[in-house]
Amino acid sequence: MKRREFVNFVGLGCIATSLPVAIAACTPAETTADSTADSPDAAPADVPAADVTAESMDSSVREDGFAALGTVSELDSAGFLASQTFVAGPVIVVRDPANAEDIVALNSICTHKGCSVDWADTEFTCACHGSTFSVDGTATNGPATEPLSSYEAKIDGDWVLVKAV
Ligand code: FES
């Protein structure tokens, strides 16, 4: 092989081997993390509890530390009130099935891997991996083992109030 042929052969080899690297370097990075913070192996898509709040409601924190989440009529109509953006954190409020006069407010983030729980008439369910929680937040079926944390909540007139601070 002549010198010129050898140099051309080596030069072509360098280009051929470095081209895929150069293309990969110019390609935008692939996102592997699930931006919803839900488990990547979650079977169904996370269906967060809908924000069910009055549009004209004053949700600012009152002097007593409570903030309005919605109205009683909205709670009774939908069966729950929920907000992912409540000032104290994600919250879901339901009437206590054992005593309809009482309301229960829990953090709506599943303690397993962070999906939102939904209310299913008598218990909270997480669609991601099937965990269930009793109305007081106790994990009743795994994989979640830790309870949902609770908020203080009350009804004041037609307002459903949740302790915000
Ligand atoms: Fe896994 Fe809720 S995130 S059961």
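See the structure printed just above.
Residues numbered from 1 in each chain as written. Predicted model: local features only at pLDDT ≥ 70, side-chain atom pairs only at ≥ 80, totals over all residues. Heavy atoms only, no water.

**Focus on the nonpolar core**
At step 1: I92, V94, V117, W119, F124 and F133 are the most contacted members of the largest nonpolar core, which has 17 residues in total.
At step 2: Of all the secondary structure elements, the ones that give two or more residues to this core are β3 (91-96), β4 (99-107), β5 (117-119) and β6 (124-126).
At step 3: In this structure, Y151, V160, V162 and A164 belong to the second largest nonpolar core, which totals 14 residues. (Core = buried A, V, L, I, M, F, W, Y, C linked by side-chain atoms within 4.5 Å. Buried < 20%, exposed > 50% of the residue type's maximum accessible area, 1.4 Å probe, protein only. Helix = DSSP H or I, 4+ residues; strand = E, 2+ residues; numbered from the N terminus.)

**Notes on the sheet that holds strand β8 (residues 139-141)**
The strands making up a sheet associate through backbone hydrogen bonding, with each pair oriented either parallel or antiparallel.
At step 1: The strand order across the open sheet built from 4 strands is β5-β6-β7-β8, with neighbouring strands paired in antiparallel fashion. The sheet is open, and its two edges are formed by β5 and β8, each paired on a single side. (Pairing = 2+ DSSP bridges.)

**Brief notes about the pairing of β4**
At step 1: Where β3 and β4 come together, 6 bridges link them in antiparallel fashion. Looking at β4, one finds that V93 is bridged to A105.
At step 2: Remark: 2 residues form the turn of the hairpin made by β3 and β4, two consecutive strands paired antiparallel.
At step 3: Relative to strand β9 (residues 150-151), β4 is paired through 2 bridges, and the arrangement is antiparallel. Bridge assignment links L106 to a residue of β9, and that residue is S150.

**Topic: the pairing of strand β11 (residues 159-163)**
At step 1: Two elements, strand β1 (residues 66-71) and β11, share 5 bridges in a ladder whose sense is antiparallel. Residue A68 lies in a different strand from β11, and its bridge partner there is L161.
At step 2: Taken together, the 4 bridges between strand β10 (residues 153-156) and β11 define a ladder with antiparallel strand orientation. Paired with I155 across the two strands is V160, which belongs to β11.

**Description of the packing of aromatic side chains**
In this description, an aromatic ring pair is defined by two values, namely the gap between the centres and the angle between the planes.
At step 1: A complete count under the given rule lists 2 aromatic pairs for this structure.
At step 2: Between F86 and Y151, the aromatic rings sit 6.4 Å apart at their centres with planes inclined by 80°, giving edge-to-face as the arrangement. With a gap of 65 residues between them, F86 in the loop between β2 (81-83) and β3 and Y151 in strand β9 connect regions that are remote in the sequence. Of the two residues, F86 and Y151, neither departs from the other in class, the shared state being buried.
At step 3: A ring pair is formed by W119 and F124, whose centres lie 4.6 Å apart and whose planes are at 55°; its orientation type is tilted. Each of the two residues, W119 as well as F124, counts as buried.
At step 4: The aromatic ring of F66 is capped on one face by K154, whose charged end is 4.3 Å from the ring centroid. (Phe/Tyr/Trp six-rings, centres within 6.5 Å; stacked < 30°, edge-to-face > 60°. Lys NZ or Arg CZ within 6 Å of the ring centre and 35° of its normal.)

**Examining the state of the cysteines**
At step 1: Enumeration over the complete set of coordinates arrives at 1 disulfide.
At step 2: Residue pairing for C115: its cysteine sulfur links by disulfide to C128, the two sulfurs lying 1.9 Å apart. Taking the sign of the S-S torsion, about -95° here, the bridge from C115 to C128 comes out left-handed. One end of the pair, C115, is in the loop between β4 and β5; the other, C128, is in the loop between β6 and β7 (132-133), and 13 residues separate them in sequence. The exposure classification of C115 matches that of C128, with both residues buried. (Disulfide = S-S within 2.5 Å.)

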